[in-house]
Amino acid sequence: MKLSLVFLFAFFVLSAGATGIRKSKKDSIINTYNKDFIYNVKQAKSSITIDGVIEEPDWMEAQKADNFYRVLPIDTGYAYQQSVVLMTYDDKAFYLAFIFNDTIEGKRIMESFRRDFIFGNNDNFLSFFDTYRDQTNGFTFGLSASGAKWDGVMHGGAGSNLNWDCKWESKVKHYDDKWTAEMRIPFKSIRYPSDSQIWNVNFSRLDLKTNEKSAWAPVPRQFPTSSLAYAGVMKFEEPLPKSKMMYSLIPYVFGSYANDYEAGTGAHYKKDFGFDAKVGISSSMNLDLTYNPDFAQVEVDEQVANIDRFELFFPEKRQFFLENSDLFADFGAHSATPFFSRRIGLDAPVLAGARLSGKIGNDWRIGFMNMTTEKTDDYLSRNFTVASVQKKVFARSNFGFIFVNKEYLNQPEDTTMFNRVFGFDYNLASADNFWSGKFYYHRSFQPDNPDQQYSQGASINYRSKNFQAQFYQRSVGENFKAETGYVTRTGYNLFSPEIAYLFVPNKRIVSHGITLESDLYYNTDFEKIDHENTIAYSFTFQDRSEFEIGYKDYFVELQNDFDPTHQGENFLPAGSSYNYGGTYVAYNSTRKTMFNWQAEAAKGKFYSGKLQYIQGEIGYRFQPYVNLSMNFNYTDMDLGGAFDRTQFFLVGPKVDITFTDKIFWSTFVQYNEQIQNLNINSRFQWRYQPVSDIYLVYTDNYFTGNWNGRNRAIVLKMTYWLN
């Protein structure tokens with residue numbers, strides 16, 4: 001009964017919030033808040049040469065998007081160093097040119113030539129295009145001062161997935177008092193409605209010399225400049241060309257050598273081929289196909305020291321799963337989501353797959369994915385099917401349904417193995433972005449279907465310039481099972497309030513404030529089994545460095561035996577309870593200097609004993625060619641009793657060299673004392689044609705107990721984009 005009342009309360013809160021912001025269909029065509037910021041895009045009368053020199057007649061006649069507003073450190077007034085953006089278009093592409101005034105002495109900050117640069121580590125320009133005018137989904141393109149490209153698909157009103165790539169051209173040119181650039185983005189590289197003439201847009205600049213972030217259409221400082229709720233409007237002179245069916249084929253070939261010393265299989269040579277294909281069914285619907293995909297070139301995960309009770313999360317990086325990924329991955333909560341694409345293909349090779357995703361009209365989005373993995377010695381062949389549909393409601397809210405099916409193929413007689421999840425989500429997003437929230441209910445289905453197969457959650461969040469408040473509730477039944485999802489734990493009820501207040505003096509200390517947060521876990525009988533209470537105070541300085549100090553208080557009643565050291569020799573018994581806590585400090589240095597660092601240190605009680613650790617990263621750059629970095633962790637744990645004192649290091653030095661904007665080489669070495677492993681991953685990439693690459697990847701693992709080799713591999717892969 002108590003749980004049902006929580007569901008009902010959450011539903012009414014979300015519904016009431018959405019009703020209060022409801023807009024008419026006509027109002028949704030033009031952005032609510034910055035509708036007076038209108039950029040009229042004139043059609044080009046002559047050709048544009050992408051050379052960074054802004055001299056063509058069409059640039060002289062183009063409207064100027066100038067007078068950029070400050071967003072950070074404060075959102076009042078104009079940027080100290082101003083910017084100008086120009087746009088034009090023809091029947092195949094749209095063009096951007098920009099001029100960034102820069103009269104302050106000193107080097108412009110440019111980390112490297114690598115695509116999809118780290119935003120805060122570079123002087124850069126970003127553009128955000130809401131082609132469907134739903135203030136939720138879109139595309140982002142940008143350039144750093146070195147000329148490194150940035151491109152991604154946008155979701156959730158502000159988030160960007162930068163692992164998505166498409167074909168486009170750009171060129172940056174530097175002068176003593178400014179830097180300029182030109183960009184050409186083909187219409188066929190993105191999605192937009194038929195007969196499209198009006199998009200929402202915003203332009204953003206990060207100037208690390210002045211420590212200012214600015215935007216053409218003003219954005220409140222508590223939100224990123226990518227917030228589509230605050231985009232301006234762009235109007236093309238004529239409706240855009242109708243999209244024809246477009247397709248591209250990306251075949252690849254690869255050869256590899258591998259030797260698994262631990263398994264004793266000996267040297268193994270392999271050569272193979274496969275392909276990805278993209279079919280633009282319409283200007284807003286895309287079909288992706290893959291056969292025998294290989295992901296050898298995907299960047300290796302960064303290891304972490306693990307003292308937690310639950311599975312660690314590593315993000316998806318494989319290109320096939322990324323476009324419109326929110327249609328599949330954003331259901332539920334981060335630690336209780338029904339679909340997590342990394343479950344597919346990591347324990348058995350993917351044979352083939354297809355994915356259909358996009359929009360139908362202005363308000364509907366659909367997604368469908370089907371993947372099949374091969375049979376191995378350890379696993380049967382499996383088929384994964386995911387289907388979702390999403391409907392926009394009110395100003396920026398939406399509701400959606402998802403169905404996930406994992407089916408085992410060629411099962412032995414008299415066995416039935418499958419796992420299915422069906423779910424409903426409602427996402428609240430107010431027109432001004434101040435209110436957001438979520439309500440969802442999911443249910444799993446498997447053989448015998450026991451009770452307690454639900455996962456449910458609700459949240460409401462308010463965020464203004466100085467004040468933030470959030471309340472989150474989640475309940476997961478003991479038998480909820482999402483084999484293709486990411487579910488850290490089951491059989492609990494969670495209540496999580498958070499409140500924060502920020503002062504913005506904008507002096508040497510730009511902002512500072514306090515945060516109070518509590519995570520309260522109860523079992524299905526509403527008996528407390530966990531809590532984590534946090535009080536923290538944070539400071540942001542003029543040079544964009546940050547400092548935070550806080551205290552965490554924990555209570556844990558273990559539901560299962562647990563070894564915090566993960567050595568597998570001794571365990572804290574299920575049913576035992578512990579109350580402990582400790583202090584932490586964290587610091588992020590400025591990114592303006594060639595040397596930068598970040599670190600966090602903590603010390604306090606931990607379960608039956610005590611814990612102290614320090615972790616972070618240091619880096620130095622010889623811009624824009626060489627980046628040297630090293631992440632590190634030192635953990636010292638003394639649990640007493642049968643446990644020996646445990647001390648272990650994790651060190652990960654990395655060398656990233658970008659010879660040009662087409663040739664890259666990186667080597668990442670990770671020494672993890674906790675799991676007694678040394679990993680070496682070295683990757684060479686030559687982008688010899690747009691989005692067409694040659695990769696040479698070498699990886700090696702050693703058991704550090706006796707320094708015997710575990711496994712070794714070298715892969716040569718070549719891809720070519722045909723369209």
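Residues numbered from 1 in each chain as written. Predicted model: local features only at pLDDT ≥ 70, side-chain atom pairs only at ≥ 80, totals over all residues. Heavy atoms only, no water.

1. Notes on the overall build of the protein chain
Alright, step 1. If you tally the helices and strands in the protein chain, you get three helices and 39 strands.
Alright, step 2. The C-alpha radius of gyration of the protein chain comes to 26 Å, within 12% of the 27 Å expected for a compact globule of 723 residues.
Alright, step 3. Across its three principal axes, the protein chain shows a C-alpha extent of roughly 80 × 60 × 55 Å.
Alright, step 4. Each of the 723 residues in the protein chain was classed as buried or not, and the buried ones make up 51%.
Alright, step 5. In the protein chain, 59% of the contacts between residues at least 6 apart in sequence involve partners at least 24 apart.
Alright, step 6. With the model as given, the accessible surface of the protein chain reaches about 32,300 Å², and the carbon-plus-sulfur share is 56%. (Helix = DSSP H or I, 4+ residues; strand = E, 2+ residues; numbered from the N terminus. Rg over C-alpha atoms; globule rule 2.2 N^0.38 Å. Buried < 20%, exposed > 50% of the residue type's maximum accessible area, 1.4 Å probe, protein only. Contact = heavy atoms within 4.5 Å. Areas by Shrake-Rupley, 256 points an atom, 1.4 Å probe, with all protein chains shown as cover.)

2. Quick word on the pairing of strand β4 (residues 93-101)
Alright, step 1. Here β4 lies mainly inside the structure; seven of its nine residues are buried.
Alright, step 2. With seven bridges connecting them, strand β3 (residues 83-89) and β4 associate as antiparallel partners. In the strand pairing of β4, S83 is matched with F100.
Alright, step 3. The turn joining β3 and β4, which pair antiparallel and follow one another in sequence, is formed by three residues.
Alright, step 4. For β4 and strand β10 (residues 178-186), the ladder comprises nine bridges, and the chain directions are antiparallel. (Pairing = 2+ DSSP bridges.)

3. Considering empty space enclosed by the protein
Alright, step 1. Counting across every chain of the model gives seven cavities of 30 Å³ or more.
Alright, step 2. When its volume is computed, the second largest cavity comes out at roughly 180 Å³.
Alright, step 3. For the lining of the second largest cavity, the elements supplying multiple residues, two or more each, are β6 (138-144), β7 (149-155), β16 (285-291) and β18 (350-360). (1 Å grid on protein atoms, 1.4 Å probe; cavity = no way out; pocket = protein on both sides within 12 Å on 5 of 7 lines; lining within 4 Å. Points joined across faces, edges and corners; volume = space filled by probe spheres on them.)

4. So, the confidence of the model for the protein chain
Alright, step 1. Within the protein chain, residue pLDDT values average 90, and 95% of them lie at 70 or more.
Alright, step 2. With pLDDT under 50 throughout, residues 1-29 is counted as low confidence; its partners more than four residues away or in other chains account for 42 contacts. (pLDDT = per-residue confidence, 0-100.)

5. A word on the layout of surface pockets
Alright, step 1. In this model, the largest pocket occupies a volume close to 1,800 Å³.
Alright, step 2. Taken together, 44 residues make up the lining of the largest pocket; nearest its centre are D294, F295, A296, G345 and L346.
Alright, step 3. When residues of the lining of the largest pocket are traced back to their parent elements, those giving at least two are β14 (246-260), β15 (266-282), β37 (677-689), β38 (692-703) and β39 (708-719).
Alright, step 4. For the lining of the largest pocket, the class distribution of residues is 17 nonpolar, 14 polar and 13 charged. (Nonpolar A, V, L, I, M, F, W, Y, C, P; charged D, E, K, R; others polar.)

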